[in-house]
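What the coordinates show
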Amino acid sequence: MEPSNKTQISQFLLLGLSTEAELQPLIFGLFLSMYLITVFGNLLIILVVSSDSHLHTPMYFFLSNLSFVDICVTSTTIPKMLWNIQTQHKGITYEGCITQMYFYILFAELDDILLTVMAYDRYVAICHPLHYTVIMSPRLCVLLVLISWVLIALYSLLHSLMMLQLSFWNKTQISEFLLLGLSEEPALQSLIFGLFLFMYLITVIGNLLIILVLCSDPHLHTSMYFFLSNLSFVDISFTSSIIPKMLWNIQTQSKVITYEGCIIQVYFYLLFAALDDFLLTMMAYDRFMAICHPLRYTVIMNPRLCALLVLGSWIVSALFPLLHSLMVLRLSFFSDLEIHHFFCEITWLIRLACSDPFLNNMAVYFGSGILGGAPLAGILYSYSKIVSSICGISSAQGKYKAFSTCASHLSVAALFYCSALGVYLSFTATYRSHTSAIASVMYTVVTPMLNPFVYSLRNKDIKRALKRFFGMEMFVKGLFALGLKNCP
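The following paragraphs examine the structure supplied in this document. Every value quoted in this text rests on a predicted model; they were computed, and no experiment measured them.

**Observations regarding the packing of aromatic side chains**
With the rule as written, the count across this model stands at 15 aromatic pairs. For the ring pair Phe268 and Phe272, a centre distance of 6.2 Å and an interplane angle of 25° mean the geometry is stacked. Linking Phe268 with Phe272, this pair stays in helix α10 (residues 259-292), spanning four residues, or about one helical turn. What makes Phe268 partly exposed here is its relative accessible area of 31%.

**Thoughts on the sheet that holds strand β3 (residues 176-179)**
Read across the sheet, three strands follow the order β4-β3-β5 without closing on themselves; strand pairing throughout is mixed. Each edge of the sheet is formed by a strand with only one pairing partner; in this case those strands are β4 (256-258) and β5 (338-339). In this sheet, β4 lies alongside β3 in antiparallel orientation, the contact comprising three bridges. The residue of β4 that forms the bridge with Glu176 is Thr258. Sheet contacts for α10: β3, β4 and β5; angle to β4, the most-contacted strand, approximately 80°.

**Observations regarding unusual backbone geometry**
Phi is positive for Gln88, which is not a glycine, with a value near 55°. Its location among the elements puts Gln88 in the loop between α3 (78-87) and β2 (91-93). In this structure, Gln253 is a non-glycine residue whose phi angle is positive, near 55°. Positionally, Gln253 belongs in the loop between α9 (243-252) and β4. Classification of Gln253 by relative accessible area gives exposed; the value is 77%.

What counts and what doesn't
- Residues numbered from 1 in each chain as written.
- Predicted model: local features only at pLDDT ≥ 70, side-chain atom pairs only at ≥ 80, totals over all residues.
- Heavy atoms only, no water.
- Phe/Tyr/Trp six-rings, centres within 6.5 Å; stacked < 30°, edge-to-face > 60°.
- Helix = DSSP H or I, 4+ residues; strand = E, 2+ residues; numbered from the N terminus.
- Buried < 20%, exposed > 50% of the residue type's maximum accessible area, 1.4 Å probe, protein only.
- Pairing = 2+ DSSP bridges.
- Contact = heavy atoms within 4.5 Å.
- Axes fitted to C-alpha atoms, helices over the stretch in contact; angles between N-to-C directions.

As far as function goes, none of this settles anything; it's purely spatial.
Encoded structure:
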C-alpha cells in the first residue's frame with residue numbers, strides 16, 4: 001500500500017476572547033456564572049410550565065421549548081470554552097469543530113423559528129381571539145415544533161457537509177472514490193444499465209401510483225395507509241439516493257464519485273434505510289392495535305399520534321446518519337480508494353481506512369442495534385401478539401379475515417429484513433468480492449420495487465381504490481376527447 005493521501009487535521013485553535021493570561025480567571029468566572037444562570041433559569045421555567053396546568057397553553061408550550069433550546073445553544077459553546085480556559089489548552093478537534101458547528105447552527109436557528117412561532121401565537125390571540133383555541137390547537141403546536149426541528153436539522157447538516165469540500169493548509173483532500181459496481185465486464189454493462197433502469201422506473205412509478213391512489217381516495221385516509229404512503233415516498237427516495245448515480249457512471253463509463261458526494265450518499269442512504277425500518281415497525285404496531293384492541297383502535301391511532309410518530313422517526317433517522325457521516329471525517333485513507341460496491345456503503349468506507357476504525361465500527365454496531373434491531377424486535381413482538389390473538393378466534397373465517405389485514409405488511413417486512421440479513425451475513429463472510437454488492441440489490445432495489453405490487457395484489461382496499469382511480473382517469477379522458485370532438 002502507498003502512504004495515505006489524506007493528512008488528517010488533528011485540531012483547530014480557539015483563541016478565545018483574550019490571550020492575556022491575567023484576564024483568564026475573570027473570563028472564566030464571568031462565563032461560568034452566566035452559564036449556570038442560563039441553565040438553572042431556563043430549567044426553572046420548564047419545570048414551572050410543566051407542573052402548572054394553568055400554563056398548558058400554546059404560548060407557554062412554545063416558551064418551554066425556547067427555554068430548552070436556549071440551554072442547548074449555550075451548552076454547545078460555553079462548556080468547551082470553560083474547559084479550554086481551565087486546562088490552559090486552546091485546541092478543539094476537527095470532528096469536534098464540525099459537530100459544534102452543526103449543533104450551534106441547529107439551536108440558533110431553532111431559537112429564531114420559535115420566536116417567530118410565538119409572535120404568530122400572539123397575533124392570533126390578539127387579532128382573532130374568538131378563533132384562537134381552534135387555530136392554535138395542540139396538534140398544530142406540536143407539528144410546528146417538530147417540523148422546525150426537521151427543517152433546521154437538515155439545514156445544519158447542509159452546512160456541516162459543505163465543510164467537507166474545503167481544503168485546509170495541512171490537509172490534502174481526497175478528491176474521489178471509485179465505485180467498481182456489480183461487474184467490471186464491459187459486455188455486461190449494457191445489460192446491467194437496462195435492468196436497473198427498468199427496475200428504478202418501476203419503483204418510482206409504482207410507488208408514486210400508490211401515493212396518488214391513497215391521497216385521492218377518502219376511504220383510505222386511515223393510519224395504516226398514511227404509513228403506507230410515507231413508506232412509498234421513502235422507497236422512492238431510498239432508491240433515488242443510489243441508482244441514478246450508478247446509471248450515470250455506467251452511461252459515462254466512469255466509476256468516479258467525489259469525496260463529498262460519497263459522504264452525502266452515505267447520509268441519505270442511512271437516513272432512508274432507517275426510515276424504512278421505523279415505518280415498517282409503525283405499520284406492525286398499527287396492525288397490532290387493529291387486531292388486538294379493535295374497540296380502542298380509532299382512539300389510539302388518531303391522526304395526531306400518526307403524524308408525531310412519522311415526524312419523530314424523521315428526527316431520529318436524521319441524527320444517526322449524521323453521526324456516521326461526521327465520524328467518517330476522522331478516517332485517513334490509503335491511495336487504494338476502490339469500493340467494491342455500486343454505492344458508497346459505510347462498512348466499505350471503514351474497511352478502506354488506514355487509521356483506527358474502532359470508533360466507527362462501534363458506531364455502526366450501535367446504530368444497527370438501534371435502527372435495525374429495535375424496530376425488528378418491535379415487529380416481532382407485535383406479530384407475536386397478533387398471532388396469539390388470531391389463534392383465539394373461534395371461526396376459520398374470522399381468522400382468515402384478521403390475518404388478511406396484515407398479510408401485505410408481513411410480506412413486505414419479511415422481504416426487507418430477510419434481504420438485509422442476507423447482505424449482513426454475506427458481507428461478514430467475504431472481504432473483496434461482489435457477493436455483498438449483489439445481495440444489497442435485494443433490499444435497495446428489488447424490495448422497494450415489489451412493495452407496490454405486494455400491496456396492490458394482496459390488499460382488497462387498494463385494488464378497489466385502483467379501479468376507482470383508473471375509472472376516474474378514463475372518465476376524464478373520455479370527457480376531454482368528447483369535448484375536442486364537439487369543438488368547431
